[in-house]
Amino acid sequence: MTGHLPTPVARTAKAVRARLRGLRYTYATLPAFPPVATTPVRLLVGPTNSAGQGYQWARAARTIPGVAADAFALHRSAAFRFADDYGVPQAWWNQSRWARAQREHVLGSYTHVLVESLRPLLGYGGHPDAAADIAVLREAGVNVALLFHGSDIRLPSRHAARERFSPFTPGDELTGKLEIQAKRHAELVESLGVPVFVSTPDLLIDVPQAQWLPVVIDPAPWAQAARPLFTGERPVVVHVPSSAKLKGTARIDEVLTGLHERGLIEYRRITDVPHAEMPSVIGAADIVVDQLGIGLYGVAAAEALAAGRIVVSYVGSDLRSRVRSLTGREVPIVEADDDTLSDVVSDLVADRETAAAQAAAGPEFAAELHDGRRAAEVLSQWLTVKETL
């Protein structure tokens, strides 16, 4: 009832109730649980689906004989969702009825579960991580492995000690939160004793016992949307910051804006673009500047390489050496950091023939390491189908 309230308050209360009604879900509106497969091995990946990788790894796993796989995701944002096999809106995460249904489905459907970022995936139970869920899964005979994407396991203090341009600084609020989280997750990794995968090779420093599970992309849309390099009036340089602090966006903006104002390039900072539209955005660029401080390459860089763009980023000699050792391939990304970015981009613009030759190595590299085949090879070592003798 709002009749006894002052008119402005009553209007606000009515608007809030209307908003809450709009957020309600019924079981009829929720995505149905996937049907239970009949294959010997049935994998579930979830619940973060970071950069759509849960879905992509599930698709890679499906290429392994005898394996079925699904990706589950907690839907936090309707605008920037990636594809998955099923999911649940944030509004339902705390609902006990849904959590019971999720638990029954997972325990009754899958032989293996790959838990992303140590996040709970059986519904809210008041737990800060997936340790309790993992105990339930293992008690039911489900094989469990962990998967980390980056800041969920990278220890900021260790990173800052080895990287000159590390974005992690003592006293910084984000650094402090990530330090606590990484330490807690490292303790759980040790205590749980289950297989561990990481999505980028640099994380093997933080989890030496882990295996590198390469990120997976579909190279086709990136190649199809790409125009020939250096066909515009000025070279187009793009930066797409998923995390401005971790990517070093402030310094990237400073340098590239300066080059733009000098007329050497056209700088485009890209934000709030749905992933489905990104192939055309990247395909319209000549140079893509990824990040300057972490010492890695991930999904965004792999996509830009697949598009045949000139990718500039701080990869670091250690990671280049590690990739070379693991794959026999050289990472075809142009190296740059805070101090060298301006000179690197200026040199690429000045010597376009050499720059284009560098970009030409990208599509083959992205296809060989990141089209899902290598990820399937890595997963198959865990998802081995044992035949009954």
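These numbers were taken from a predicted model, which means no experiment stands behind them.

Engineer: If you had to explain the packing of helix α2 (residues 53–61) against helix α16 (residues 373–380) to someone new, which residues and values would you point to?
Structural biologist: When two helices pack together, their arrangement is given by the angle between the helix axes and the distance between those axes. The N-to-C vectors of α2 and α16 enclose an angle of 75°; their axes lie 8 Å apart at closest approach. Judged by the inter-axis angle, α2 sits roughly perpendicular to α16. Contact residues: Trp57, Ala60 and Ala61 in α2; Ala375, Ala376 and Leu379 in α16. Residue composition of the contact of α2 with α16, by class: six nonpolar, no polar and no charged.

Engineer: Pulling in residues and values, what's your account of the environment of Pro65?
Structural biologist: Along the chain, Pro65 falls in the loop between α2 and β2 (67–75). Judged by its relative accessible area of 69%, Pro65 falls in the exposed class. Measuring from C-alpha to C-alpha, the distance between Pro65 and Val41 comes to 9.2 Å, with 24 residues separating the pair along the chain.

Engineer: Provide a residue-level description of the packing of aromatic side chains, including the pertinent values.
Structural biologist: Tallied over the full model, the rule gives seven aromatic pairs. Judged by centre distance (6.1 Å) and plane angle (20°), the rings of Phe72 and Trp98 are stacked. One end of the pair, Phe72, is in strand β2; the other, Trp98, is in helix α3 (residues 96–109), and 26 residues separate them in sequence. You'll find Phe72 and Trp98 in the same group, each marked buried.

Engineer: Summarise the sheet that holds β2; cite the residues concerned and give the values.
Structural biologist: Strand order in the open sheet formed by seven strands is β3-β2-β1-β4-β5-β6-β7, and the pairing between neighbours is parallel. Two strands lie at the open edges of the sheet, namely β3 (86–89) and β7 (211–212), each paired on one side alone. Of the pairings in the sheet, the one linking strand β1 (residues 41–46) to strand β4 (residues 112–116) comprises four bridges and is parallel in character. Within β4, the residue paired with Val45 across the bridge is Leu114.

Engineer: Help me get a handle on the environment of Gly176, residues and values and all.
Structural biologist: Position of Gly176 relative to the elements: it lies in helix α6 (residues 173–192). According to the relative accessible area criterion, Gly176 is partly exposed, its value standing at 30%. Taking the C-alpha atoms as reference points, Gly176 and Ser157, separated by 19 residues in sequence, lie 9.4 Å from one another.

Engineer: Provide a residue-level description of the pairing of β3, including the pertinent values.
Structural biologist: Both faces of β3 are covered, namely the face carrying Tyr86 and Val88 and the face carrying Gly87 and Pro89. Bridging between β2 and β3 involves four bridges; their strand directions are parallel. What sits directly across from Ala73, in β3, is Gly87.

Engineer: So what about the packing of helix α11 (residues 299–306) against helix α15 (residues 362–370)? Which residues, and what values?
Structural biologist: Running from amino to carboxyl end, α11 crosses α15 at an angle of 130°, the nearest separation of the two axes being 7 Å. Regarding the angle of α11 to α15, the classification is oblique. Residues Ala302, Leu305 and Ala306 of α11 pack against Gly362, Pro363, Phe365, Ala366 and His370 of α15.

Engineer: Which residues make up the pairing of β2, and what values do they have?
Structural biologist: In the case of a regular strand, side chains alternate between the two sheet surfaces. Within β2, nine of the nine residues are buried, which leaves the element mostly enclosed by the surrounding structure. Burial along β2 is two-sided: the face carrying Val67, Ala69, Ala71, Ala73 and His75 and the face carrying Ala68, Asp70, Phe72 and Leu74 are both buried. For β1 and β2, the ladder comprises five bridges, and the chain directions are parallel. Bridge pairing in β2 links Val45 to Ala71. In this fold, β1 hands off to α2, which returns the chain to β2; that crossover is right-handed.

Engineer: Tell me about the pattern of salt bridges, and name the residues and values.
Structural biologist: In total, this model carries 19 salt bridges according to the counting rule given. The salt bridge involving Glu330 is made with Arg324; its shortest N-O contact spans 2.6 Å. Looking at Arg324, the relative accessible area reads 36%, which means it is partly exposed. Here Glu368 ties to Arg329 by a salt bridge, and the two come within 2.3 Å at their closest N and O atoms. Note that Glu368 is positioned in helix α15 and Arg329 in the loop between α12 (317–327) and β12 (334–335), a separation of 39 residues in sequence. Through salt bridges with shared partners, a single network forms among Arg59, Arg62, Asp70 and Asp85.

Engineer: Kindly report on the confidence of the model for the protein, identifying the contributing residues and their values.
Structural biologist: Of the residues in the protein, 90% reach a pLDDT of 70 or more, and the chain-wide mean stands at 90. The model gives residues 15–25 a pLDDT under 50, and that stretch makes five contacts with residues more than four places away or in other chains.

Engineer: Give me the lowdown on unusual backbone geometry, citing residues and values where you can.
Structural biologist: Note: most residues except glycine have negative phi, and most peptide bonds are trans. Omega for the bond connecting Gly46 with Pro47 falls within 30 degrees of zero, at 10°, which places this linkage in the cis form. Although it is not a glycine, Asn49 sits at a positive phi angle of roughly 50°. When you line up the elements, Asn49 lands in the loop between β1 and α2. Residue classification places Asn49 among the buried residues on the basis of a relative accessible area of 5%.

Engineer: Give me the sheet that holds strand β11 (residues 310–313): which residues, what numbers.
Structural biologist: One open sheet accounts for five strands, arranged β9-β8-β10-β11-β12; its pairing is parallel. Sheet topology places β9 (266–269) and β12 at the edges, where each strand pairs with a single neighbour. Examined bridge by bridge, strand β10 (residues 287–289) and β11 share three bridges and lie parallel to one another. When the bridges of β11 are listed, Ile287 appears paired with Ile310. Along the sheet, helix α9 (residues 249–261) makes contact with β8 (236–239), β9 and β10, crossing β9 at roughly 150°.

Basis of the calculations
Residues numbered from 1 in each chain as written. Predicted model: local features only at pLDDT ≥ 70, side-chain atom pairs only at ≥ 80, totals over all residues. Heavy atoms only, no water. Axes fitted to C-alpha atoms, helices over the stretch in contact; angles between N-to-C directions. Helix = DSSP H or I, 4+ residues; strand = E, 2+ residues; numbered from the N terminus. Parallel < 35°, antiparallel > 145°, perpendicular 65-115°, else oblique. Contact = heavy atoms within 4.5 Å. Nonpolar A, V, L, I, M, F, W, Y, C, P; charged D, E, K, R; others polar. Buried < 20%, exposed > 50% of the residue type's maximum accessible area, 1.4 Å probe, protein only. Phe/Tyr/Trp six-rings, centres within 6.5 Å; stacked < 30°, edge-to-face > 60°. Pairing = 2+ DSSP bridges. Right-handed = clockwise from strand over helix to strand, strands pointing away. Salt bridge = Lys/Arg side-chain N within 4 Å of Asp/Glu carboxyl O. pLDDT = per-residue confidence, 0-100.

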